[in-house]
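For reference, the chains in residue letters:
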Amino acid sequence: MSVRTERWLRWLLMAISAATVVSGAVQLIAPGFVLGFLSAESSPASRHFFGIVGMFMVLFGGLLFHALVRRKENPAAFVWAGLQKLGASVAVGLGVARDLFSPLALGVAGFDLVSGLLILGYFSLSRRPARQAVSPPLKSAPVVRLSPEPRPVAPPLAADGRRRALILAGGGMRVAWQAGAIRALSDAGLTFAHGDGTSGGIINLAMMLSGQSPEQMCERWQTLRVKDFVSFVSPEKYLKAWDMEALGDADGIIERVFPHLGIDVDAIRANTEMEGTFNVCNFARKTNEVIPHTQVDQDLLVAGISLPIFMPIVRKGAALYTDSVWIQDANLLEAVRRGADELWVLWCIGNTPTYERGVFRQYVHMIELSANGALFAQLERIEEINARIRAGEEVHGHRQPIVVHLVKPEQPLPLDPDFYAGHITAGSLIDMGYADACRYLSTRSTQGLPLTPEITQMTASAPDLTFRETMSGPLALGEQDPLSGAGKGRHTPFTFHATISVDDMEAFIRDPEHAARLVAHISYPPLGDFLPVKRGSFNLFKAGDDPNTRLMTYGMAFEHQGREYYLSGTKTIRDEKGPDLWHDTTRLYCRLHEGTDERGPVVGAGILKLGMGDLLKLVSSMRSSREGTEGLKAVAQFGQFFLGTLWDVYMPLAKEKAASESEPSAPL
């Protein structure tokens, strides 16, 4: 059974269970009303009997709902709930045949019959593995503890003589950002002989060792349903929250996330192209343990991302395992011990001087403190090793100093609740990761970074405003005029999906030179699909002395097959009422240049458009980091400057669209 089919069938059965509970409650409270509806004799005995039947309907309906929420806890509940429905169908059918109920009751019998068949069918299908991507736990897989001085294992040399290791740190569900950064490093020609994963970074390392290319990793992350990460425990356990082991469990990750991301334990263990190590915390010993990829299993993968409070500890025999984030969030020294002399760390844990309010944000601060502190301690150790090497000593087989590169976001990434709520998307995170890695690659030194605490520091403030924009339209190669290119490019639509961040609203509106950050990916048939933008910019300013005219300029640098391209686009908006306003606001006149900026020769032109649905999505995606009314004012200020009088028309529509799409999710 496919994941989508399973999800829809589960929703249907939840509706059936709810209908059973409600109708049973009505029958329990007002049995005479139900008997009258069925044209049956109403007497004290029949009302009492029907009340008892209603009680059992409530119980079996609740049992079915519980089984849907906690499928592994009591799968037999599906069998009994299905048999109850089939039995009720037979009983009601016999009542009609004996003239006890009116023919209307056949509808009830039919409902119960279909419900029973669906419940039993769901039970049968759910017992078959939906996908074979995740292998079952390997009960005999040994656990390897890292000794104080493990023997160095030198990975093969890269073409330039370096032994490179990729260090994937944690970051919750937001490690989709790392997929974009990995693609950028791959596009730059970097290869890695060793990969190490901790906490959320384990997911991306498992994808790589499962055989996923960087492009496939980005595609799988982009199409992942992020709510599949969350799986709740049975409802009654929340009534004793003070005694809970965790707020959720790993069912969603095992059954949906791992399969969708293509994580295959057998492929990981058999991989010979790259050496991998996974970090887990041995809770009993309070130590970090390093698991070679040849000995990892599903239990250990889950343990490595089981963050305390949110997910339960993993039991393997007498051992207890959990996320190592409180000990360390990246294991640079393991790569050093294994012979790597150039470390590339993908770091997406925040590090700013701002101390936030609120219990959850302070929990995040605790993770930031432990993760950054452990990293800094490792950097000091590497600096000591380098000093010994410079003095002529050979350390762990190294005769030249170890170089550390670290790629990080410009600003702290939005937290997991923002990702879960849809305020940020996996596509945006991937685009950010790619752009952040390209920015670092463009300025990197062969000596790497200084091994100091400043290595992970980020801009303190979050953007004043962010929004997502999608534009698409005809663009033809070989044309220089946008109108001509639009006429000839009907069969070659150019599409970009952008996330735009304004760090300082007042400065952005006041200063024409103050550009907003733009990250994006592009699709264009002659060049390819999902082409990440290396560097982007967005400007919005008044044109000349005319207060009713504004210019919006877009710039996007990207690469295809080793050739650099740059898309430059302009909107000219004359904020005057009339039919031209919509046309001006939703048309971007573009030229495609060969080279790294708009000084390069024009090789294509066209006109991109913002459709009605895209405009509503743009408006509803606007978010400000300012709190309360200040945030609302920032959104309104930018919206009116960006859209002019169109803002007054489409903001209410966008609110209605957002409200209609924010339906409550079923327990996962």
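Residues numbered from 1 in each chain as written. Predicted model: local features only at pLDDT ≥ 70, side-chain atom pairs only at ≥ 80, totals over all residues. Heavy atoms only, no water.

*Asks:* I'd like a rundown of the overall build of the protein chain, residues and numbers included.
*Replies:* Helix and strand content of the protein chain: 21 helices and 16 strands. Expressed as a percentage of the 668 residues in the protein chain, the buried residues total 51%. (Helix = DSSP H or I, 4+ residues; strand = E, 2+ residues; numbered from the N terminus. Buried < 20%, exposed > 50% of the residue type's maximum accessible area, 1.4 Å probe, protein only.)

*Asks:* I'd love a proper account of the packing of helix α6 (residues 176-187) against helix α15 (residues 426-443), names of residues and values included.
*Replies:* Between two packed helices, both the angle of their axes relative to each other and the distance between the axes serve to describe the pair. Interaxial distance between α6 and α15 falls to 6 Å at its minimum, and their mutual angle equals 40 degrees. Taken together, the axes of α6 and α15 are oblique relative to one another. The crossing of α6 and α15 is right-handed. For the pair α6 and α15, the contacting residues are A176, W177, G180, A181, R183, A184, L185 and D187 in the first and A426, L429, I430, M432, G433, Y434, D436, A437, C438 and L441 in the second. Grouping the amino acids of the contact of α6 with α15 by side-chain chemistry returns 13 nonpolar, two polar and three charged. (Axes fitted to C-alpha atoms, helices over the stretch in contact; angles between N-to-C directions. Parallel < 35°, antiparallel > 145°, perpendicular 65-115°, else oblique. Left-handed = near helix turned anticlockwise from the far one by under 90°. Contact = heavy atoms within 4.5 Å. Nonpolar A, V, L, I, M, F, W, Y, C, P; charged D, E, K, R; others polar.)

*Asks:* Which residues make up the UniProt feature "transmembrane region" (unreviewed entry) in the protein chain, and what values go with them?
*Replies:* Here the UniProt feature "transmembrane region" (unreviewed entry) sits at residues 12-37, 49-69 and 103-125. Counted over residues 12-37, helix gives 96% and strand 0%. Its end C-alpha atoms are 26 Å apart. (UniProt positions renumbered as here; feature names shortened; annotations may be inferred.)

*Asks:* Tell me about the side chain of T198, residues and numbers included.
*Replies:* Along the chain, T198 falls in strand β2 (residues 194-198). Here T198 falls in the buried class, since its relative accessible area comes to 0%. Ignoring sequence-local partners within four residues, the contact set of T198 consists of L168, A169, G170, N279, S324, Q328, D329, A330 and N331.

*Asks:* An account of the environment of I382 is needed here, citing residue identities and associated values.
*Replies:* Mapped onto the elements, I382 comes out in helix α13 (residues 359-390). Counting along the chain gives 20 residues from I382 to I402, while the straight-line C-alpha distance between them is 7.2 Å. With residues up to four places along the chain from it excluded, the contact list for I382 reads L332, L333, V336, L343, I402, V404 and L451.

*Asks:* So what's going on with unusual backbone geometry? Residues and values would help.
*Replies:* The phi torsion at I309 lies on the positive side, around 85 degrees, for a residue other than glycine. Looking at where I309 falls in the secondary structure, it is placed in the loop between α11 (298-304) and β5 (314-316).

*Asks:* Go over the packing of α6 against helix α8 (residues 214-223) with me, naming the residues and quoting the values.
*Replies:* Put simply, α6 and α8 touch, their axes get as near as 9 Å, and they point 160 degrees apart. Viewed along their axes, α6 and α8 adopt a mutual orientation that is roughly antiparallel. α8 is crossed by α6, and the crossing has left-handed handedness. Contact residues: α6 offers A176, A179, G180, I182, R183, S186 and D187, while α8 offers P214, E215, M217, C218 and W221.

*Asks:* Before we move on, could you go through the nonpolar core and cite the residues and values that matter?
*Replies:* The biggest cluster of nonpolar side chains holds 67 residues, and the ones touching the most others in it are W221, F278 and L301. By residue number, the principal contributor to this core is α15, which donates ten residues. What L301 contacts, discounting residues up to four positions off in sequence, is I202, A206, F258, I263, V265, I268, F278 and V296. In this structure, I522, Y524, V619 and F638 belong to the second largest nonpolar core, which totals 41 residues. (Core = buried A, V, L, I, M, F, W, Y, C linked by side-chain atoms within 4.5 Å.)

*Asks:* Quick rundown of the packing of aromatic side chains? Include the residues and the values.
*Replies:* Using the criterion set out here, one finds ten aromatic pairs in the structure. Taking the centre distance of 5.7 Å and the plane angle of 20 degrees together, the rings of F558 and Y565 count as stacked. K227 extends its terminal NZ or CZ atom over the ring of Y420, reaching a point 5.6 Å from the ring centre. The ring of F283 has K286 lying over it, and the distance from NZ or CZ to the ring centre is 3.9 Å. (Phe/Tyr/Trp six-rings, centres within 6.5 Å; stacked < 30°, edge-to-face > 60°. Lys NZ or Arg CZ within 6 Å of the ring centre and 35° of its normal.)

*Asks:* I'd love a proper account of the pattern of salt bridges, names of residues and values included.
*Replies:* Inspection of the entire model under this criterion finds 24 salt bridges. A salt bridge links D228 to R225, with the nearest nitrogen and oxygen atoms 3.0 Å apart. By relative accessible area, which is 4% here, D228 ends up buried. Residue class for R225 comes out partly exposed when judged on its relative accessible area of 27%. The shortest N-O distance in the salt bridge between K571 and E469 comes to 3.2 Å. (Salt bridge = Lys/Arg side-chain N within 4 Å of Asp/Glu carboxyl O.)

*Asks:* Please set out the pairing of strand β6 (residues 319-322) residue by residue, giving values where relevant.
*Replies:* In the sheet, strand β3 (residues 275-282) pairs with β6 via two bridges, with the strands oriented antiparallel. Residue pairing in the sheet places N282 in a bridge with Y321 of β6. Here β5 pairs with β6 via three bridges, running antiparallel. Residue pairing in the sheet places R315 in a bridge with L320 of β6. Here β5 folds back onto β6, and the loop between the two strands holds two residues, one of which, G317, carries a positive phi near 65 degrees. (Pairing = 2+ DSSP bridges.)

*Asks:* Help me get a handle on helix α7 (residues 201-209), residues and values and all.
*Replies:* Summarising burial for α7: nine of the nine residues are buried, a large majority. For α7, every residue scored as buried is listed here: G201, I202, I203, N204, L205, A206, M207, M208 and L209. Just past α7, the residue G211 takes up positive phi, approximately 105 degrees.

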